[in-house]
Amino acid sequence: MALCGEARAEELRDALAALGAADDPEDLRPPETGLVMTRGRIGGDGRPFNLGEATVTRAAVRLPGGETGFAYHLGRDRAKARLAATLDALWQVRARRGAVEAALAPVASRRAAERAAEARRIAATRVNFFTMARGED
């Protein structure tokens, strides 16, 4: 589900096309958009406080075989939420689980490359204070 949340809508469409998922799932809960309250903590361990609201879209679908899939993601893209829920439902079928994971492999490799690039960019600005020389020595 983390991959579906990080994927773009066209990547989810491509994954479904690669799986040959032609059967249209039934909407248990049509995609809907709402708000959730996000919480934070000062310093990571202080008392929790309400940070603000975030827009979230959710969907729930059922395949003809009875498998259900759910998806929640930040943003307002209802089609993406339904696609992610469909992939979740397909993943529930043990025989298709490997194929679903293989269809989402391009998303995983793209995200890994993006994380590596971000880590390199951040590392270039890191200062190690333990190796800095003082002027009085």
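Further up the page is the structure itself.
A brief structural summary. All values reported here derive from a predicted model rather than from experimental measurement. Every chain's residues receive numbers from 1 upward, in the order its sequence appears when written. A pLDDT threshold of at least 70 governs which residues receive local features in this predicted model, and a stricter bar of 80 or more applies before side-chain atom pairs are shown or counted, although totals over entire chains, interfaces and linings include all residues. Based on all heavy atoms of the structure, the side-chain values leave hydrogens and waters out of the count.

1. What to know about the side chain of R110
Going along the chain from the N terminus, every DSSP run of H or I of four or more residues is numbered as a helix, and every run of E of two or more is numbered as a strand. In this fold, R110 is placed in helix α5 (residues 105-123). Polar contact is defined as a pair of N or O atoms within 3.5 Å, subject to the rule that within protein one atom must be able to donate a hydrogen and the other to accept it, and that residues adjacent in sequence are counted only when both atoms are side-chain atoms. Within polar-contact distance, the side chain of R110 engages the side chain of E114 at 2.8 Å. Pairs of residues are marked as contacts when any of their non-hydrogen atoms sit within 4.5 Å. Apart from residues lying up to four places away in sequence, R110 is in contact with E6, A7, R8 and E11.

2. Section: the side chain of T57
Tracing the sequence through the fold places T57 in strand β2 (residues 48-62). Using a 1.4 Å probe on the protein chains alone, a residue whose accessible area is under 20% of its type maximum counts as buried, one over 50% counts as exposed, and one in between counts as partly exposed. Owing to a relative accessible area of 0%, T57 belongs among the buried residues under this scheme. A distance of 2.5 Å separates a polar atom in the side chain of T57 from the backbone oxygen of G75. If we skip the residues at most four places from it in the chain, T57 touches E32, T33, A71, Y72, H73, G75, R76, D77, R78 and A81.

3. As for the pattern of salt bridges
When a carboxyl oxygen of Asp or Glu lies within 4 Å of a side-chain nitrogen of Lys or Arg, that pair is called a salt bridge. Taken as a whole and assessed by the stated rule, the structure comprises 12 salt bridges. Note that R110 is salt-bridged to E114, the shortest N-O span being 2.8 Å. Placement of both R110 and E114 in helix α5 is noted, with a separation of four residues, approximately one turn of the helix. Relative accessible area serves as the criterion here: at 17%, R110 is assigned to the buried category. Classification of E114 by relative accessible area gives partly exposed; the value is 29%. When salt bridges that share partners are traced, they join E6, R8, E11, R110, R111, E114 and R115 into one network.

4. Some remarks on the packing of aromatic side chains
Each aromatic ring pair is described using two quantities: the centre-to-centre distance and the angle formed by the ring planes. Each Phe, Tyr or Trp ring (for Trp, its six-membered ring) is paired with any other whose centre lies within 6.5 Å, and the angle between the two planes then decides the class: stacked below 30 degrees, edge-to-face above 60, tilted in between. Within the structure shown, the criterion is met by zero aromatic pairs. By definition, being over a ring means that NZ of Lys or CZ of Arg is both within 6 Å of the ring centre and within 35 degrees of the ring normal. We note R97 situated over the ring of W91; from NZ or CZ to the ring centre the distance is 3.9 Å.

So, to be careful, I would describe these as geometric facts and stop short of saying anything about function.
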